[in-house]
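This is what each chain is made of:
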Amino acid sequence: MFTRRKFITTSSVAFAGGATGLANARDARGKPESVPRQDKSYSRSLPAYEGLAPGQPGRDYTPVITPNNQSLPWKVVDGVKVYHLIAEPVDHEFAPGLKAKCWGYNGRVHGPTIEAVEGDKVRIYVTNKLPAGTSVHWHGLLLPNGMDGVAGLNQKIIRPGETFKYEFTLVQHGTHMYHSHHDEMTQIALGTTGPLVIHPRNPSRPRPDRDFVFMLHEWRIDVGTSRPNPNEMTDFNIFTFNARSFPGTAPMVARLDDRMRIRLINLGAMSHHPIHLHGYQFPIVETDGGQIPESAQQLETSVLTAVGQSRAFEFTANEPGDWAMHCHMTHHVMNQMGHDFPNLIGMQAGDLDQQIGSLLPGYMTMGTDGMGEHGMHVQSGHMQVPKNSIPMVGGPGPFDYITMGGLFTILKVRENLASYDDPGWYEYPQGTVASLASDSDLRRDGIQVARSQP
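We now turn to the structure provided with this report. (Residues numbered from 1 in each chain as written. Predicted model: local features only at pLDDT ≥ 70, side-chain atom pairs only at ≥ 80, totals over all residues. Heavy atoms only, no water.)

Checked against the element boundaries, Lys81 lands in strand 2 (residues 80-95). Polar contacts involving the side chain of Lys81 include one to the main-chain carbonyl oxygen of Gly55, which spans 2.8 Å. (Helix = DSSP H or I, 4+ residues; strand = E, 2+ residues; numbered from the N terminus. Polar contact = N/O pair within 3.5 Å; in protein donor to acceptor, adjacent residues only side chain to side chain.)

The structure is reproduced here in structure tokens:
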């Protein structure tokens, strides 16, 4: 009889044999490739960076581009890069038609990108002009414990009107972030976050020609209101690249064959985002500032970026056109008004509009075949939206209305660009656009289409 004891004994022997076999096979192949591990500390790494000159844009790195935002200015004082962040209330526009009273830095939501070079000694002043206390955490950085920015644990709260000083040397490189670490639920929900990019002192890969950074975020802004709701836990209705929703997102522009790097940072409250770029396959080269060896990279078309994480991917812009980049969570590519309405798909409205219209002038039943036309009705003036709100989806495109919103933007790749200004819509070579099939096409290929009933 094959008892449980025999099964366990046999399985153990088999497993041991298998493990031995695997070990022998690995020994036969030689040691597996070494994968870099983060085993250095700030204090033990610091001596290697003493005396380095502050890194300079152009000479030491290609500056990053933050669409719809900018990098934080800096100056050098006695060999130290000096920055000044000002936490303050900001009236911010998410897209034409939707503004909100947020909190950010230096008049921007999110805060401007902090750029530096591995080995730079940085001194960052933080002035608090918010009505509440705050602090700043340098997320992912190796630094002295007292500079980590957790209010109450590592430092005192920065009270309104106070200016604190953070100072440390950057002993790593990669894509990082900064954010408030006092009353996080409220302050991050209102926008107090920003990208922090550290360029390598001695890059192991060629520099990119175009280096973009995006911060992903989510908000709850109820229709007709003007303040993001920090108490929302799950039901967000505005999703943003660099605090802008489509059609308010600026495109990425590249020349044909430019070497591209796109950095993604997620500091939303609760949601992860699989960001999908059309038209290209690419390796993810960096996770949370950690470099992925080329042997461990694999081709992807989407980059899953969880809350508190950063990812970077690279490719060559070798296919011209207007290429979509968006989150693949379908409710993350919509704007307000996609919630809390009944499912009317398939409903036969009949003369409902006329009957209700006699009591409520301008009434229009929508949603019986989807909401793709909502923005078109609003833009054409057929339908009004409540004050300070934007259509559920949409913006004008070169062929038709683009039925996307939220986390959606466009990569524009062109030949012979004179500048990186928005070149407008792509001019497609003749015969390269999907179009209405002709009767002769259908007959030639034996495609039979039943005529729809009127």
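Anyway, onward from the coordinates.
A few words now on the sheet that holds strand 4 (residues 114-117). What the four strands build is an open sheet, ordered 4-9-8-6; its pairing is mixed. Edge positions in the sheet fall to strand 4 and strand 6 (136-139), since each of these pairs with one other strand and no more. Pairs of neighbouring strands in the sheet enclose a mean axial angle of 20°, with direction left out of account. Pairing of strand 6 with strand 8 (residues 174-180) involves four bridges; the strand directions are antiparallel. Looking at the pairing, His139 lines up with Met177 of strand 8. (Pairing = 2+ DSSP bridges. Axes fitted to C-alpha atoms, helices over the stretch in contact; angles between N-to-C directions.)

What follows covers the sheet that holds strand 14 (residues 273-277). Spatially, 12-23-20-14-18 is the arrangement adopted by the five strands of the open sheet, whose pairing is mixed. The open sheet terminates on both sides in strands that have one partner only, identified here as strand 12 (252-255) and strand 18 (302-305). Averaged over all pairs of adjacent strands, the angle between their axes in this sheet comes to 20°, without regard to strand direction. Across four bridges, strand 14 lies against strand 18 in antiparallel orientation. Each bridged residue has a counterpart across the sheet, and for Pro274 the counterpart in strand 18 is Leu304.

Another aspect to go through is the pattern of salt bridges. Summed over all chains, the structure comprises 19 salt bridges. The salt bridge involving Glu93 is made with Arg244; its shortest N-O contact spans 2.9 Å. With a gap of 151 residues between them, Glu93 in strand 2 and Arg244 in the loop between strand 11 (238-241) and strand 12 connect regions that are remote in the sequence. Judged by relative accessible area, Glu93 falls into the partly exposed class, the value being 28%. Classification of Arg244 as buried rests on a relative accessible area of 14%. For the salt bridge of Arg261 with Asp211, the shortest nitrogen-to-oxygen distance reads 3.5 Å. Here the residue Arg261 occupies a position in strand 13 (residues 259-266), and Asp211 occupies one in strand 10 (residues 210-219), the gap between them amounting to 50 residues. Residue Arg261 is classed as buried on the basis of its relative accessible area, which comes to 9%. By sharing partners, the salt bridges in this structure join Arg205, Asp211, Arg259, Arg261, Arg263 and Glu314 into a single network. (Salt bridge = Lys/Arg side-chain N within 4 Å of Asp/Glu carboxyl O. Buried < 20%, exposed > 50% of the residue type's maximum accessible area, 1.4 Å probe, protein only.)

This part is about a nonpolar patch on the surface. Nonpolar side chains collect at one region of the surface, where Phe399, Tyr428 and Val433 lie side by side and expose about 280 Å² of accessible area between them. Summarising the element assignment, Phe399 is placed in the loop between strand 21 (395-396) and strand 22 (401-402). For Phe399, a relative accessible area of 54% corresponds to the exposed category. (Patch = residues over 30% accessible without salt bridge, like charges linked within 9 Å, V, L, I, M, F, W, Y side chains within 5 Å. Areas by Shrake-Rupley, 256 points an atom, 1.4 Å probe, with all protein chains shown as cover.)

Moving on, we come to the packing of aromatic side chains. What the rule picks out here adds up to 14 aromatic pairs. Arranged with centres 5.2 Å apart and planes meeting at 80°, the rings of Trp138 and Tyr166 form a pair that is edge-to-face. Separated by 28 residues along the polypeptide, Trp138 in strand 6 and Tyr166 in strand 7 (residues 163-169) bring together distant segments of the chain. Taken individually, Trp138 and Tyr166 each receive the classification buried, so the pair is uniform in this respect. Through successive ring pairs, a cluster of aromatic residues spans Tyr105, Trp138, Tyr166, Phe168 and Tyr178. Just above the ring of Tyr420 sits the side chain of Arg210; from NZ or CZ to the centre is 3.4 Å. (Phe/Tyr/Trp six-rings, centres within 6.5 Å; stacked < 30°, edge-to-face > 60°. Lys NZ or Arg CZ within 6 Å of the ring centre and 35° of its normal.)

Counting 27 residues, the largest nonpolar core has Leu85, Ile114, Ile124, Trp138 and Phe168 as its most contacted members. Those elements giving two or more residues to this core turn out to be strand 2, strand 3 (98-105), strand 4, strand 5 (121-128), strand 6, strand 7 and strand 9 (193-199). Excluding its chain neighbours within four sequence positions, the residues that come into contact with Ile114 are Leu72, Tyr83, Leu85, Ile124, Trp138, Tyr178, Pro195, Leu196 and Val197. Within the second largest apolar cluster, 26 residues are counted, among which are Phe212, Ile262, Leu264 and Phe315. (Core = buried A, V, L, I, M, F, W, Y, C linked by side-chain atoms within 4.5 Å. Contact = heavy atoms within 4.5 Å.)

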